[in-house]
Amino acid sequence: MSTVSTATPALEILSTALTALRPRMEAVSLAIHARPELKFTEFHARKLLTDWLAASGFTVRAPLGGLETAFAAEHAGSRPGPYVAVLAEYDALPGVGHGCGHNLIAAGAAAAAIAVVRALPDHPGTVAVLGTPGEEMGGAGKVRLAEAGVFDGVDAALMFHPGDRSLTARPGLAAAHLRVAFTGTSAHASISPWLGRSALAGAQLFLQAVDAMRQFVPPTVRLHGIVSDGGAAPNVVPAHAAVDLYVRDRTATSVEALVERVRNAADGAALATGTAAAVRETGPMYAERRNNTVLAERFGAAVRALGVEILPGDPDAPAGSSDIGNLSTLLPVIHPYIQIADPGTPSHSAAMREAAATPFAHDRTQIAATGLARVVAELLTRAELLPAARAAFAAQAEVRA
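All values derive from a computational prediction rather than experimental measurement.

Asker: What should I look at first to understand the packing of aromatic side chains in this one?
Answerer: Two aromatic rings are characterised by how far apart their centres lie and by the angle between their planes. On inspection of all chains with the given rule, the structure shows 2 aromatic pairs. Relative to Tyr-90, the ring of Phe-71 has its centre 6.0 Å away and its plane inclined at 20°; by these criteria the two rings are stacked. Remark: Tyr-90 occurs in the loop between strand S3 (83-88) and helix H3 (102-119) and Phe-71 occurs in strand S2 (residues 71-76); sequence separation between them is 19 residues. In this structure, Phe-71 and Tyr-90 share a single accessibility class: buried. Relative to Phe-206, the ring of Phe-182 lies with its centre 6.1 Å away and its plane at 50°, an arrangement referred to as tilted. Of this pair, Phe-182 sits in strand S7 (residues 174-183) while Phe-206 sits in helix H5 (residues 199-213), and the two are 24 residues apart along the sequence. Phe-182 gets classed as buried once you look at its relative accessible area, which sits at 1%. For Phe-206, a relative accessible area of 0% translates into the label buried. The ring of Tyr-337 carries Arg-170 above its face, with NZ or CZ at 4.9 Å from the centroid.

Asker: Explain the layout of surface pockets to me, please; I cannot follow it from the model alone.
Answerer: The method is simple in principle: a probe with the dimensions of a water molecule rolls over the atoms, and the space it marks as empty is what remains. As a volume, the largest pocket reaches approximately 740 Å³. Lining the largest pocket are 33 residues; nearest its centre among them are Cys-100, Gly-320, Ser-321, Ser-347 and His-348. Broken down by element, the residue count for the lining of the largest pocket peaks at 3 residues, all from strand S6 (residues 161-163).

Asker: Just checking my understanding: could you explain the side chain of Asn-326 for this structure?
Answerer: With respect to the helices and strands, Asn-326 occurs in helix H8 (residues 324-328). Judged by its relative accessible area of 16%, Asn-326 falls in the buried class. At a separation of 3.0 Å, a polar atom in the side chain of Asn-326 contacts the main-chain carbonyl oxygen of Met-285.

Asker: Please explain unusual backbone geometry as it appears in this structure.
Answerer: Excluding glycine, a negative phi dihedral is what most residues carry, and trans is how most peptide bonds are arranged. Residue Pro-63 is bonded to the preceding Ala-62 through a cis peptide linkage, with omega at -5°. Mapping Pro-63 onto the fold places it in the loop between strand S1 (59-61) and S2. Within the chain, Met-137 stands out as a residue other than glycine whose phi angle is a positive 60°. Along the polypeptide, Met-137 turns up in the loop between strand S4 (126-131) and helix H4 (141-147).

Scoring rules and cut-offs
- Residues numbered from 1 in each chain as written.
- Predicted model: local features only at pLDDT ≥ 70, side-chain atom pairs only at ≥ 80, totals over all residues.
- Heavy atoms only, no water.
- Phe/Tyr/Trp six-rings, centres within 6.5 Å; stacked < 30°, edge-to-face > 60°.
- Helix = DSSP H or I, 4+ residues; strand = E, 2+ residues; numbered from the N terminus.
- Buried < 20%, exposed > 50% of the residue type's maximum accessible area, 1.4 Å probe, protein only.
- Lys NZ or Arg CZ within 6 Å of the ring centre and 35° of its normal.
- 1 Å grid on protein atoms, 1.4 Å probe; cavity = no way out; pocket = protein on both sides within 12 Å on 5 of 7 lines; lining within 4 Å.
- Points joined across faces, edges and corners; volume = space filled by probe spheres on them.
- Polar contact = N/O pair within 3.5 Å; in protein donor to acceptor, adjacent residues only side chain to side chain.

Geometric values such as these leave the question of function open.
See below:
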């Protein structure tokens, strides 16, 4: 990589650019929030984001990587340099809407990239926003895009996530997304139930086995599911039933071993109820998350300079899962959190959904976007930063090998 001579724009310049972008950023965020779209159906959100980015001088490609609602918006520099991507998520949760605040992630990502281009019109390298749909519900949009080669040549990928506290980094669990389907024999539930074999009984017994298993797994493990198919009528012995189950732990290796125990539990429940069980993964496994310490510290410094206290995060704290974990095994990635709601407000809740539409949430999104813009600008203009981030990435990979 050639030495970059362009000076990094002052944080105040980036902050001023984000202040000018605030009305559009908030309007886009609220429009996405008001029209929640589930994984891989986010056409409204994609159009809002790509229209804004195209009008701001970015070259847009959509669809992308075989996903209809994915996109790449790129602003090529005047000379060679790093390719830095800001990631946008914009899918919602069934029944909850934007209870994970993806409307803020998306609008903040676009605003951050546009601010960099405004502050550094003669920048080297490439500033990009990559629209990564389907993070929720095991959609694995980033995994699918990586498999399609979308992240080939990307030097670093940055995003932020809203939450109930501000953290430069947070652990992410590996997760398997399973469907356990039971097949039995239908019969009249009153006239001749003995002729039937209830698939629902198999599913119920399986869930009891999972509950029993929880006592004999490490405290880091999370096993949780729902009955996604329990039959169609009370007077018909169900011939089909299904449980959707997530299996999580700190590493993919541990999750794979747990999945085998889940398969055994399903087979046992099927044997006891005279049914048959089939276990399949409904999407790619999410890997554990590797937060790049070098870039996370730069984000934290920028946010603190803007008046928001942000903590380093506890590596042993409870965590969820995200497809950015898979991406973090391929290149330097950050996924910090910015507080938009009262401490203790649970994610994936109606309370977080309401918080994600408040002026306070957009104030904090503006600060997060400024922090992301600062890291992007430093990666483009400070020749030593990307090698340092790569060294930290390599060290993390060696530790986990």
